[in-house]
Amino acid sequence: MFHAIFDTVKGCQMMGQAKIGIIGGSGVYDIDGLENAAWVTVETPWGAPSDALLTGRLDGIEMVFLPRHGRGHVHSPSTVPYRANIDALKRLGVTDVIAVSACGSFREDMAPGDFVMVDQFIDRTFAREKSFFGTGCVAHVSVAHPVCERLRQACLAAGRAQGVTCHDGGTYLAMEGPQFSTVAESKMYRDSWGADVIGMTNMPEAKLAREAELCYASVAMITDFDSWHPDHGAVQISDIIATLGANSANARGLVARLPAMLRARDVCAHGCDHALEHAIMTAPDKRDPAVLAKLDAVAGRVL
Ligand SMILES: CSC[C@H]1O[C@H](OP(=O)(O)O)[C@H](O)[C@@H]1O
Ligand SMILES: Nc1ncnc2[nH]cnc12
């Protein structure tokens, strides 16, 4: 079953047409305006994704939407099935993944309501499966530049066209959660580590997207000033929820503008779609067939 769908993946890449995947974070549980919209259930070798995936066409482009926490916000940041989510998007033929996520800000000039088109991450998560690879098939991909610059630029243009204040670049610190940071942690991330925004979900998501050879970009939607700011006090979920509404309306507007910007797709100049080219270390005769079977969608191109 898995192989049949993977042929679709290869076909889509060869045709040079984008298929855009949207991962919706807190407050974004669906997208508007899809033609032939249908929620489809996808099985993966990594278990069930966060929810069914919403498929359809937008402005002539095939789209797939996945609510990261599930409809009704069922999964916590630590229990989101990140591997199943990325596998399911790949399995459905997605080429380009845009993640939209709520985050706190470490910068005075990055205010609630603003969007940051992230270009770097610091991964402080520790209780999640972070790779598709391991014993039986070891691979090491580069995540030095974890965001696809082509997608990032498209998001920047789409956000600005939507009238949102958008920041061109920023470092997203991914924390484990689910509690928010202490004041001491918040000041350390900001003053010593140089992080710009903080959230709980973009890692290992971005790393897994790279392993799956998917282009990935993150739109970080600011909801609060985290806990470092002397004038704003502790992060309160009630304040975050109040800001999520406007952010989520702008996220929907941004997404609606993406097909026009991303419809033509060639081989990724940034290298995202051939990240596995020289990454697999395990000798062919030492690879575990059971592990290879699980990698059919993610790494079938090179196995
Ligand atoms: C709702 S506040 C905390 C929660 O929001 C963010 O989720 P997402 O990245 O999926 O938008 C943050 O990472 C936390 O999981
Ligand atoms: N301050 C914050 N820290 C971590 N995740 C967040 N999501 C939204 N605001 C956040």
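Residues numbered from 1 in each chain as written. Chains lettered and ligands numbered in written order. Predicted model: local features only at pLDDT ≥ 70, side-chain atom pairs only at ≥ 80, totals over all residues. Heavy atoms only, no water.

By the naming in an unreviewed UniProt entry, the chain is S-methyl-5'-thioadenosine phosphorylase, taken from Thalassobacter stenotrophicus. Per UniProt, the comment on the chain under Sequence similarities (unreviewed entry) is "Belongs to the PNP/MTAP phosphorylase family. MTAP subfamily." (UniProt positions renumbered as here; feature names shortened; annotations may be inferred.)

### Re the UniProt feature "site: Important for substrate specificity" (unreviewed entry) in the chain
Here the UniProt-annotated "site: Important for substrate specificity" (unreviewed entry) positions come out as S181 and I237. Taken along the chain, the residues just named run across 57 residues; in space they keep tight, none of their C-alpha pairs more than 12.8 Å apart. With respect to the helices and strands, the residue S181 is situated in the loop between β9 (171-174) and α4 (183-192). In this structure, S181 is in contact with M175, S186, Y189, I198, D226 and S227, ignoring residues within four places of it in sequence. Secondary-structure assignment places I237 in helix α6 (residues 237-262). (Helix = DSSP H or I, 4+ residues; strand = E, 2+ residues; numbered from the N terminus. Contact = heavy atoms within 4.5 Å.)

### Focus: the site of ligand 1
Within the structure, ligand 1 sits among 13 residues, and R68, H69, A102, M200 and T201 are positioned closest to it. Measuring from an oxygen atom of ligand 1, one finds a side-chain N or O atom of R68 at 2.8 Å. A distance of 2.8 Å separates an oxygen atom of ligand 1 from a polar atom in the backbone of A102. Coverage of ligand 1 by the protein amounts to 91% of the 390 Å² it exposes when considered alone. Those elements giving two or more residues to the shell around ligand 1 turn out to be β5 (96-105) and α6. Residues of the shell around ligand 1, tallied by class, amount to 6 nonpolar, 6 polar and 1 charged. (Near = heavy atom within 4 Å. Polar contact = N/O pair within 3.5 Å; in protein donor to acceptor, adjacent residues only side chain to side chain. Areas by Shrake-Rupley, 256 points an atom, 1.4 Å probe, with all protein chains shown as cover. Nonpolar A, V, L, I, M, F, W, Y, C, P; charged D, E, K, R; others polar.)

### Brief notes about the packing of aromatic side chains
The full count for this structure, using the stated rule, is 5 aromatic pairs. Each ring, one from W46 and one from F132, has its centre 5.2 Å from the other, and the planes form 65°; the classification is edge-to-face. Placement of the pair is W46 in the loop between β2 (35-40) and β3 (53-58) and F132 in the loop between β7 (120-123) and α3 (149-161), with a sequence separation of 86 residues. Using a relative accessible area of 15% as the deciding quantity, one classes W46 as buried. Taking 5.6 Å as the distance between ring centres and 70° as the angle between the ring planes, the aromatic pair formed by F121 and Y172 counts as edge-to-face. Pair noted here: F121 is in strand β7 and Y172 is in strand β9, with a separation of 51 residues, a long-range link. Each member of the pair, F121 as well as Y172, is classed as buried. (Phe/Tyr/Trp six-rings, centres within 6.5 Å; stacked < 30°, edge-to-face > 60°. Buried < 20%, exposed > 50% of the residue type's maximum accessible area, 1.4 Å probe, protein only.)

### Thoughts on the pairing of β5
In terms of burial, β5 is a largely internal element, 9 of the 10 residues being buried. For strand β1 (residues 19-24) and β5, the ladder comprises 5 bridges, and the chain directions are parallel. Bridge assignment links I20 to a residue of β5, and that residue is D96. Where β5 lies against strand β11 (residues 215-224), 9 bridges are found, and the strand directions are parallel. Note on β11: the bridge partner recorded for V100 is V219. Bridge analysis of β5 against strand β10 (residues 197-199) gives 2 bridges, and the strand direction is antiparallel. What sits directly across from S105, in β10, is V197. (Pairing = 2+ DSSP bridges.)

### Things to note about the site of ligand 2
Residues in contact with ligand 2 amount to 13 residues; listed here are only the nearest, C103, G104, T223, D224 and D226. The separation between a nitrogen atom of ligand 2 and a polar side-chain atom of T223 is 3.4 Å. When ligand 2 sits alone it has 260 Å² of accessible area, and the protein chains cover 94% of it. The greatest single-element share of the shell around ligand 2, amounting to 3 residues, is contributed by β5.

### Looking at the UniProt feature "domain: Nucleoside phosphorylase" (unreviewed entry) in the chain
When the UniProt feature table is mapped onto this chain, "domain: Nucleoside phosphorylase" (unreviewed entry) is found at residues 19-257. For residues 19-257, the helix share is 27%, the strand share is 26%, and the end-to-end C-alpha distance is 14 Å.

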